[in-house]
Amino acid sequence: MNNTLSLKHIFFVALVPLIYLILIISLFTFLDQNKLVEILTSERTLYSLKLSISCASIVAITSTILAIPIAYLLSRNQFYMKNVIDTLLELPLVVSPAALGAMILIFFNTKYGKYIQDNMVQVVFSINGIIVAQVISTIGISIRLIKSVMDEIPIRYENIARTLGANSFQSFKTIMLPLSKKGIMASFILVWAKSIGEFGATITVAGTMPFYTETLPIAIYLRLSSADIEGAVVLILTIIAIGLLALSLFRFLSRKTIL
Amino acid sequence: MIDLKNIHYKANNFFLDKINHTFEEKKIHIILGPSGSGKTLLLEIIAGLRTPQNGQIIYHNTDITKLLPEKRNIAYLPQDNVLFPHLNVKENISYALKIKGINNDANSLKITEKLQITPILNRNVQHLSGGEIQRVALARSIIAGSKTLLLDEPTSAFHYSLKNEFLHFLKEIQKDYELTIIMVTHDILGVFSIADYITFLINGKLYQTFNNTEPKFTPTHYEVAKFMGIKNIFEGYISSHDKIICPHLNTAFTIHPTLPDKKNMNIKFGIKPEDIRIILPEKKKNYTNTPNQLKGNIKKIYRHFYHYNLLFVPHNIEYPIEIHFPITKSEKITLYEGKDIEIIIKPNDIFLLI
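Residues numbered from 1 in each chain as written. Chains lettered and ligands numbered in written order. Predicted model: local features only at pLDDT ≥ 70, side-chain atom pairs only at ≥ 80, totals over all residues. Heavy atoms only, no water.

A. Just the overall build of chain A, in detail. Broken down by element type, chain A carries 14 helices and zero strands. Ordered by position in the sequence, the α and β elements of chain A form the string α-α-α-α-α-α-α-α-α-α-α-α-α-α. With the C-alpha coordinates aligned to their principal axes, the bounding extent of chain A is approximately 65 × 65 × 30 Å. Counting every position in chain A, which comprises 259 residues, the buried fraction comes to 42%. Taking the intrachain contacts of chain A between residues at least 6 apart in sequence as the baseline, contacts between residues at least 24 apart amount to 76%. Element-wise, carbon and sulfur atoms account for 69% of the exposed surface of chain A, whose accessible area totals about 14400 Å². When the 20 positive and 13 negative side-chain charges of chain A are each reduced to one mean point, those points stand 12 Å apart. (Helix = DSSP H or I, 4+ residues; strand = E, 2+ residues; numbered from the N terminus. Buried < 20%, exposed > 50% of the residue type's maximum accessible area, 1.4 Å probe, protein only. Contact = heavy atoms within 4.5 Å. Areas by Shrake-Rupley, 256 points an atom, 1.4 Å probe, with all protein chains shown as cover. Lys, Arg positive; Asp, Glu negative; His and termini not counted. Charge placed at Lys NZ, Arg CZ, Asp CG, Glu CD.)

See below:
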């Protein structure tokens, strides 16, 4: 069978990427080269960049650490209400980010939420709020991705390890974890990339305080609100570059997820 | 010694029922049975990967029914995915040592030498042949200190000649390291050459155990005979202490196994195709007063590697009997479809089936 695509098929396949490309190229019509360096090196942009990267990193680490054991338990066990738990994990996919943010905000205005804020940790309108909003938005995806990788690994490997003297934790550590390593890394990067671009839940929970809770997407929104198109374009290009880099890494790693 | 006492395990619509068996130490036990008969399930129960709903497993006089797999010291080698794919050969065989925190073990060097693994120690496991995979898996289990090995269809992917080679190698290793091996397979070929005991597991039930030091294997159960591919299974009823009437063949058979003292009792019996002899014309006078002779003709002939497979139909009866006739004897008689022949079955060669 001939696997070469004809020109019209190539055009059809390339249609959507072409639209994205046109959108990216159109950004350059508003790109002011003089402003580029100025905005990129401004203290406010650098703060937003640093905040976005730091929060995304913390979120990716937290989500992955929480997702690995949950994904493993879901992958290896059958139990009552498993389907309900599975469905609930997809909540962030069906609820809009702003609604999810509003749900978090409402929770922290309940008796229990207030108790947490008063006695444990301030979440609303703080950097903690960014992390909480983004972890809640991404952990479901992380669990689903890691679980799908773990589902592909035959349980026999762990069974053999057990009969060779490894306890359940040792077999998880020496067999399951290394075999799903690339999948976990791919999930980490995807969560990180999604967190970098997360806007709806973040702005609802953490607000828009410059030099405090202003992440890159929020900075773009604020510049657009004040009609600073050139400034917004520079930040958009920055976020695109970071996102594409992360996604390329994700694609590279997920290509060889299973050994 | 492993003692299975009244093991019962139910999984969905399948269950292992009242499994009672003793696996003698330092012997090779083969469990034969068709696919889906519960062989893997039984190994997983012995290995501790599944807990039976009822019954006990006694290992070296200790009840291990609820003991964790890592505490049993019984190695399990499944049918596929035997080796850890992220570790090379050396890392695979030293897995158990690493778990125990042992870095160097002189004994493991001897074992790798003995199992001819030394040249492939640094090889990726994806690049090993079927035989090498099994040898590495064996070495890993022996190095782990397991004296009991559970093998699930280890030769399923082997070519016939490689299968025999591996089985004989396995026998040698078993003797050298005094291992107890419990191997399950659906493949009858080859296993008789290495087994000390052969037990049949069919539809979740254990049937007869055959001690391979006995000169001749004879099925005692209908299910076993069917699994062994014996087509000559007939129904009849007892007419006297040594006679069965078989209405299908319209014949009375004289048999030597002791019959129950119950006249007219319905009974199943079988005859192995290789135990049926064709009476050569020049020797006919030798059989004038011998029982169990049938006249008929050859309906079909199929040539096999070592024998002809004949479908013999007695005169006026449409009930075929399968006969294996050695190719080495084919010069003594010309056989063809439609030829009239006479056959004889020794009373000793008819076996009763439960």
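B. Up close: the interface of chain A and chain B. Each partner contributes to the interface: chain A provides 20 residues, whereas chain B provides 23 residues. Across the chain A/chain B interface, buried area totals approximately 2000 Å², and carbon plus sulfur atoms make up 65% of it. The largest per-residue losses of area from chain A upon contact with chain B belong to A:Arg156, A:Thr163 and A:Leu164, which jointly make up 35% of the total buried on that side. In this structure, B:Glu70 and A:Arg162 form a salt bridge, with 2.8 Å as the shortest nitrogen-oxygen distance. (Buried area = accessible area lost by both parts, 1.4 Å probe. Salt bridge = Lys/Arg side-chain N within 4 Å of Asp/Glu carboxyl O.)

C. Summary view of the sheet that holds strand β4 (residues 54-59) of chain B. Residue and element names in this part refer to chain B. If you trace the four strands from one edge of the open sheet to the other, you get β2-β1-β4-β5, paired in antiparallel fashion. Edge positions in the sheet fall to β2 (14-23) and β5 (62-63), since each has one partner strand and no second. As paired elements, strand β1 (residues 2-11) and β4 share five bridges and run antiparallel to each other. The residue of β4 that forms the bridge with Lys5 is Gln56. (Pairing = 2+ DSSP bridges.)

D. Molecular detail of unusual backbone geometry. All names here are of chain A. We note that Met81 has phi near 75°; this positive angle belongs to a residue other than glycine. Summarising the element assignment, Met81 is placed in the loop between α3 (43-76) and α4 (82-88). Despite not being glycine, Ala227 shows a phi value in the positive range, around 60°. With respect to the helices and strands, the residue Ala227 is situated in the loop between α13 (216-225) and α14 (229-255).

E. Highlighting helix α6 (residues 160-176) of chain B. Residues and elements named next belong to chain B. Between its first and last C-alpha atoms α6 spans 25 Å; for 17 residues at 1.5 Å apiece the expected length is 24 Å, and the two agree. All of the buried residues in α6 are Lys163, Asn164, Phe166, Leu167, Phe169, Leu170, Lys171, Ile173 and Gln174. Following α6 by one or two positions, Glu178 has its phi on the positive side, about 50°. (Expected span 1.5 Å × (residues − 1).)

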